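Structure at a glance
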Amino acid sequence: MFHRTWRRVAIATAGLLTLTLVGACSDDAPEAKNLDGNRAGAMADYGIDKQFKASEPLSFSILYNNHPNYPLKDDWLFWSELTKRTNVKLAPVAVPLSDYEQKRSLLIGAGDAPLIMPKTYHPSENAFVSSGAILPVSDYLDLMPNLKDKIAKWNLQPEFDTLRQSDGKFYLLPGLHEKPWAEYSIAVRTDILQQLNLQIPKTWDELYTVLKAMKARYPDSYPYSDRWSKPNPGGELLSIVGAAHGLRTGWSWNPATWDPAAKKFVYTGATEQYKQVIVYLNKLVAEKLLDPESFTQTDEQARQKLANGKSFVIGSNAQSLVNDYRPDLAKTLPNAKLTKIPMLVGPAGEINPASRLENGIMISKKARDSKNFVAMMQFIDWLYYSDAGQEFAKWGVEGTTFTKDAGKYTLNPDVDMIGLNPKGSKHLQKDFGFGNGVFSYGGKLDLVQSFFSPEEMEFQKVMNARTPLPVDPPAPLTDEEREQASLWETPLKDHVVQNTLKFILGQRPLTEWDAYVGELKAKNADQYIGLVNKAHERFEKDNG
Amino acid sequence: MVTVAPGTAGPKTTPPVRARRSRGIRPTRGYRVFQAVNGVVLTLVVIVTLYPFVNIVARSLSDEAPIIAGKVNLVPQGFNLTAYRLVMSDPMFWTNYRNTVVYTVVATAISIVLTTCYAYVLSKHQLRGRGVLVGIAVFTMFFSGGLIPNYVLITSLGMKNSIWAVVLPNAINVFNLLVMKAFFESLPVELEEAAAVDGLSTYGTLLRIVLPLSKAIIATMLLFYAVSFWNSWFTAFLYLDQQDLLPVTVYLRNLIAGATGAQSAGGVAESDAVQAAATIQAVTIVLTTLPILAVYPFIQRFFVSGVMLGAVKG
């Protein structure tokens, strides 16, 4: 009796196991392209520049990055108008901006993720690929005509290739820019330049001369004191100086740099260009032109120095110029004039280092099983990638929030946004929900620049005339390789960051550069680069 | 012979005897040096801990310009209250503030009841299986299921997006539990025996004898729990998806992140431009800390030692 029961249990277990295995295997194969069961609510004739409207009312959950400056409101015109136009209601899961990534990981890990997850910065999607929780969106681009059109029209294929994983697919729908949008540069006190009879510097070498003249006139000052030293010291400074040398360093740190001459990757922290970056910054620090605290101080301290006239040059983007420095200076030194100057040119020539890809959207794998899957992809395509959808998300409803005349956008007089209509009683973001970072980014050049001040337009004009920094060829690692790579990468990066600082601040003599490169080798820099090069060759072979 | 001395139940005992009451015994030299060093060190500690707080208060009352110029230290410069008006005019701030108050009160009440019951039981040496019960509690100090299993548990219990997700999961803090257990164990057994002789049941003993004698520890626990619930944001952040359910700590955290978030993201859309001013952060911090600060003086009077002095004679 006992034996028989026992045997039955064993057989049942074995059977179950087999079923699971079969189920697991059958998961991959026929999944491919059969979307017959997923077309409910979709438009049969959806296409480029066509208004998407679901054939039945639909609702999709979306992870919502709640910004404290325009907290989520249910009565935003954005929601009601979106439903009116597309027949889709979005159900936001509101997550505070402060800890968005953490909550996203948790929700995905717990299998509780919303279908649409925007505000994902590449490469953070890598962490979720192996778990199979997110959708390989590259398989479904056919459902997204506007996206495909923009990739072709703006020649974005090389950029998209950098998103690919080792299986050749990509899992993120990035925001797209027609032109690279360079944001960060430096701001210079032009009244001081005038006083010293100097021109606005165009290259890093000219900046050196300018700083020297400033120091000669104001010996007590550190002419250049920079901010943005988080998360790694000198993040922004190293990023823009590195860019002028053709490297991605500082907070845009990329450990592997493509060497077009040798047709292989080399370790960024050991390159000759990186040495030049360090030598240059070391010179500024040694001659007391660059505040050594630039690498460690808080943003606020850097702002205070600028506001008190203790420094004249600072890292800047369009917003910090208008929102931070100018109001600061207006209160402390009313006669000061500060301008953001075009990115300084270095040995890499006149380049624009900005990427044309932005943060983007991950889609939960669960969405694939929904009967509304096709409709959802069409909806995303319309809202995020069609000209009409992008205009709607950014500017709102014509007549209500803005008017458009010959391609030029104007806010309605009672609507305010970044101080364009200071007397407006309503705010485009706070009261209407448009211009929201969750839904609105990238797009055509004139749309991207539609909020820019004439001054910023001038800056962008100079930058757009420059050659975009070429995209590195793809070298996607497999899961195992990635694990191994990060074991090597983390201590390597720490070592680079520490020694970069030591070299620049003069705590380690530059004559020890070769010793430093040797230390990197001892920390497996060669093995790491070998792995990347192997992945690159494999990708070339597999994808032609 | 065991008696319960009258007048020991309340906190209002005679003030602690002063060390240097008379000129009779002169403190030794070593003791005076110790006193002096002690005084200096403690004063420094007070300055170090007090300075940031006073600075924040001064900033919250100051004009923007002196803050930017780095001129605000301990005294507000260019006194104004606009920032207070601005923060207080945001309805979401008050909604979240109310949530914090409700969560703190409910959670503290639940925690105190559960912790007291558990600790009292554990303090009884004659209880069988006591070691196992202690073990169960202590086990959770060292091992936990981890974030995702906890999340799945709370979600499948249907507590997500409700107050219970915040007030129940951390109801018993094992450290507090052990402190309380130790306190109950230090109560003289004779007191309870006397109560039993006089005819009190187990619950009667707990409620009429033990608890009134434990005001000091209960006040301590109240403070520990209230402060930790008031300051906590993580559980609420995990289990609540609607901003009108969030406590004010998450609101504050998000506000500060919004002001400093530009760097971490690297490239930020221009729509994220407007940055919260330094004053507003200071104001929010002050408004959030004030109530819990105000609780201290009221609870402090329960921190009296020697409540039980002379309770047991014999």
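Residues numbered from 1 in each chain as written. Chains lettered and ligands numbered in written order. Predicted model: local features only at pLDDT ≥ 70, side-chain atom pairs only at ≥ 80, totals over all residues. Heavy atoms only, no water.

1. Notes on the overall build of chain A
Of regular secondary structure, chain A possesses 19 helices and 16 strands. Whereas a compact globule of 544 residues would reach a radius of gyration of roughly 24 Å, chain A reaches 26 Å, a difference of no more than 12%. Expressed as lengths along the three principal axes of its C-alpha atoms, the size of chain A is roughly 95 × 65 × 45 Å. The buried share of chain A, taken over its 544 residues, is 54%. If you take every contact in chain A between residues at least 6 apart in sequence, the share linking residues at least 24 apart comes to 74%. (Helix = DSSP H or I, 4+ residues; strand = E, 2+ residues; numbered from the N terminus. Rg over C-alpha atoms; globule rule 2.2 N^0.38 Å. Buried < 20%, exposed > 50% of the residue type's maximum accessible area, 1.4 Å probe, protein only. Contact = heavy atoms within 4.5 Å.)

2. A few points about helix H11 (residues 299–307) of chain A
Residue and element names in this part refer to chain A. Most of H11 is tucked away: seven of the nine residues are buried. Buried within H11 we find Asp-299, Ala-302, Arg-303, Gln-304, Lys-305, Leu-306 and Ala-307. Immediately downstream of H11, the backbone of Gly-309 shows phi near 75°, a positive value.

3. Observations concerning the pattern of salt bridges
All names here are of chain A. All told, the structure shown has 35 salt bridges over all chains when counted by the stated rule. Put simply, Asp-299 and Arg-227 hold a salt bridge, and the shortest N to O gap is 3.2 Å. Placement of Asp-299 in helix H11 and of Arg-227 in the loop between helix H8 (204–217) and helix H9 (235–244) is noted, with a sequence separation of 72 residues between them. Classification of Asp-299 by relative accessible area gives buried; the value is 15%. A residue is classified by how much of its surface remains accessible, and Arg-227, at 5% relative accessible area, is buried. Note that Glu-455 is salt-bridged to Arg-326, the shortest N-O span being 2.6 Å. Note that Glu-455 is positioned in helix H16 (residues 454–464) and Arg-326 in helix H12 (residues 318–332), a separation of 129 residues in sequence. When salt bridges with common partners are traced through the structure, they connect Arg-227, Asp-299, Arg-303, Asp-324 and Asp-328 into a single cluster. (Salt bridge = Lys/Arg side-chain N within 4 Å of Asp/Glu carboxyl O.)

4. Topic: the interface of chain B and chain A
Each partner contributes residues to the interface: chain B has 41 residues there, and chain A has 52 residues. Surface buried jointly by chain B and chain A totals about 3,800 Å² across both partners, of which 54% is contributed by carbon and sulfur atoms. Counting the contacts that link chain B with chain A gives four salt bridges. As a salt-bridge pair, Asp112(A) and Lys160(B) come within 2.9 Å of each other at their nearest N and O atoms. Inspection of the chain B/chain A interface yields 14 residue pairs in polar contact (both at pLDDT 80 or more). Those elements that provide at least two residues to the side of chain B that touches chain A are helix H2 (64–68), helix H6 (147–156), helix H12 (234–239) and helix H13 (248–265) of chain B. Split into classes, the residues belonging to the side of chain B that touches chain A amount to 24 nonpolar, 10 polar and seven charged. (Buried area = accessible area lost by both parts, 1.4 Å probe. Polar contact = N/O pair within 3.5 Å; in protein donor to acceptor, adjacent residues only side chain to side chain. Nonpolar A, V, L, I, M, F, W, Y, C, P; charged D, E, K, R; others polar.)

5. A look at the packing of aromatic side chains
On inspection of all chains with the given rule, the structure shows 47 aromatic pairs over all chains. Centroid distance Trp513(A) to Tyr516(A): 4.9 Å. Interplanar angle 50°. Geometry classified as tilted. With a gap of three residues between them, Trp513(A) and Tyr516(A) both fall in helix H18 (residues 513–522), about one helical turn apart. Judged by its relative accessible area of 5%, Trp513(A) falls in the buried class. One aromatic cluster in this structure is built from Tyr64(A), Trp76(A), Phe78(A), Trp79(A), Trp382(A), Tyr384(A), Phe392(A), Phe434(A), Phe439(A) and Tyr441(A). Taking NZ or CZ as reference, Lys215(A) lies 5.2 Å from the ring centre of Tyr222(A), over its face. Above the face of the Trp233(B) ring, Arg253(B) is positioned so that its terminal group lies 3.9 Å from the ring centre. (Phe/Tyr/Trp six-rings, centres within 6.5 Å; stacked < 30°, edge-to-face > 60°. Lys NZ or Arg CZ within 6 Å of the ring centre and 35° of its normal.)

6. With respect to the pairing of strand S8 (residues 313–316) of chain A
Residues and elements named next belong to chain A. Because side chains alternate across S8, one face comprises the buried residues Val-313 and Gly-315, and the other comprises Ile-314 and Ser-316, equally buried. Both strand S5 (residues 185–189) and S8 contribute to a ladder of four bridges, which runs antiparallel. If you follow Ser-185 over to S8, its bridge partner there is Ser-316. (Pairing = 2+ DSSP bridges.)

7. Concerning the confidence of the model for chain B
All names here are of chain B. When pLDDT is averaged along chain B, the result is 80; 82% of the residues meet or exceed 70. Across residues 1–14, where pLDDT falls below 50, the model places 20 contacts with residues more than four positions away in sequence or in other chains. Across residues 261–276, where pLDDT falls below 50, the model places 48 contacts with residues more than four positions away in sequence or in other chains. For this predicted complex, the interface score ipTM comes out at 0.72, while the overall pTM is 0.79. (pLDDT = per-residue confidence, 0-100.)

8. So, the packing of helix H13 (residues 373–385) of chain A against helix H14 (residues 387–395) of chain A
Packing of H13(A) against H14(A) brings their axes to within 5 Å, and their N-to-C directions diverge by 65°. Along the contact surface, H13(A) presents Trp382(A), Leu383(A), Tyr384(A) and Tyr385(A), while H14(A) presents Asp387(A), Ala388(A), Gly389(A), Gln390(A), Phe392(A) and Ala393(A). (Axes fitted to C-alpha atoms, helices over the stretch in contact; angles between N-to-C directions.)

9. Things to note about the domain arrangement of chain B
Residue and element names in this part refer to chain B. Partitioning chain B into domains gives domain 1 (28–80) and domain 2 (90–263 + 272–300). Relative placement of domain 1 and domain 2: their C-alpha centres are 30 Å apart. At the interface, eight residues of domain 1 touch nine residues of domain 2. Across the interface of domain 1 and domain 2, roughly 680 Å² is buried in total on both sides, 77% from carbon and sulfur atoms. Three residues, Phe-53, Ile-56 and Ser-60, lead the burial of domain 1 against domain 2; their summed loss comes to 59% of the area buried on that side. For the pair domain 1 and domain 2, the number of links is zero salt bridges. Put simply, domain 1 and domain 2 have zero residue pairs in polar contact (both at pLDDT 80 or more) between them. Of the residues forming the side of domain 1 that touches domain 2, the biggest block, five residues, is contributed by helix H1 (residues 29–60). The class makeup of the residues in the side of domain 1 that touches domain 2 is four nonpolar, two polar and two charged. (Domains from an automatic or database assignment.)

10. Focus: the sheet that holds S5(A)
The pairing of strands in a sheet happens through backbone hydrogen bonds and is either parallel or antiparallel. Residues and elements named next belong to chain A. Pairing is antiparallel in the open sheet, where three strands are placed in the order S8-S5-S9. The sheet is open, and its two edges are formed by S8 and strand S9 (338–341), each paired on a single side. Each adjacent strand pair in this sheet contributes to an overall mean axis angle of 35°, direction not counted. Packed onto the sheet, H12 meets S5, S8 and S9 and runs at close to 160° relative to S9.

11. Digging into the side chain of Thr268(A)
Residues and elements named next belong to chain A. Mapped onto the fold, Thr-268 is located in the loop between strand S7 (264–267) and helix H10 (272–286). Residue Thr-268 is classed as buried on the basis of its relative accessible area of 0%. Once residues within four sequence positions are removed from consideration, Thr-268 is found in contact with Leu-247, Arg-248, Thr-249, Trp-253, Asn-254, Pro-255, Ala-256, Thr-257 and Tyr-274.

12. Remarks on the confidence of the model for chain A
Detailed reading of the predicted coordinates is not advisable wherever pLDDT falls low. Mean pLDDT over chain A stands at 88; residues scoring 70 or higher make up 94%. Contacts of residues 16–30 of chain A to residues separated by more than four positions or lying in other chains number zero contacts, the stretch itself having pLDDT below 50.

13. Brief notes about a nonpolar patch on the surface
Residue and element names in this part refer to chain B. Together, Phe-139, Met-141, Phe-142, Phe-143, Phe-175, Val-179 and Phe-224 line one region of the surface with nonpolar side chains, adding up to about 740 Å² of accessible area. The set of elements that each furnish at least two residues to the nonpolar patch consists of helix H5 (130–142) and helix H8 (174–186). For the nonpolar patch, the leading source of residues is H5, giving three residues. Here Phe-175 shows up in helix H8. (Patch = residues over 30% accessible without salt bridge, like charges linked within 9 Å, V, L, I, M, F, W, Y side chains within 5 Å. Areas by Shrake-Rupley, 256 points an atom, 1.4 Å probe, with all protein chains shown as cover.)

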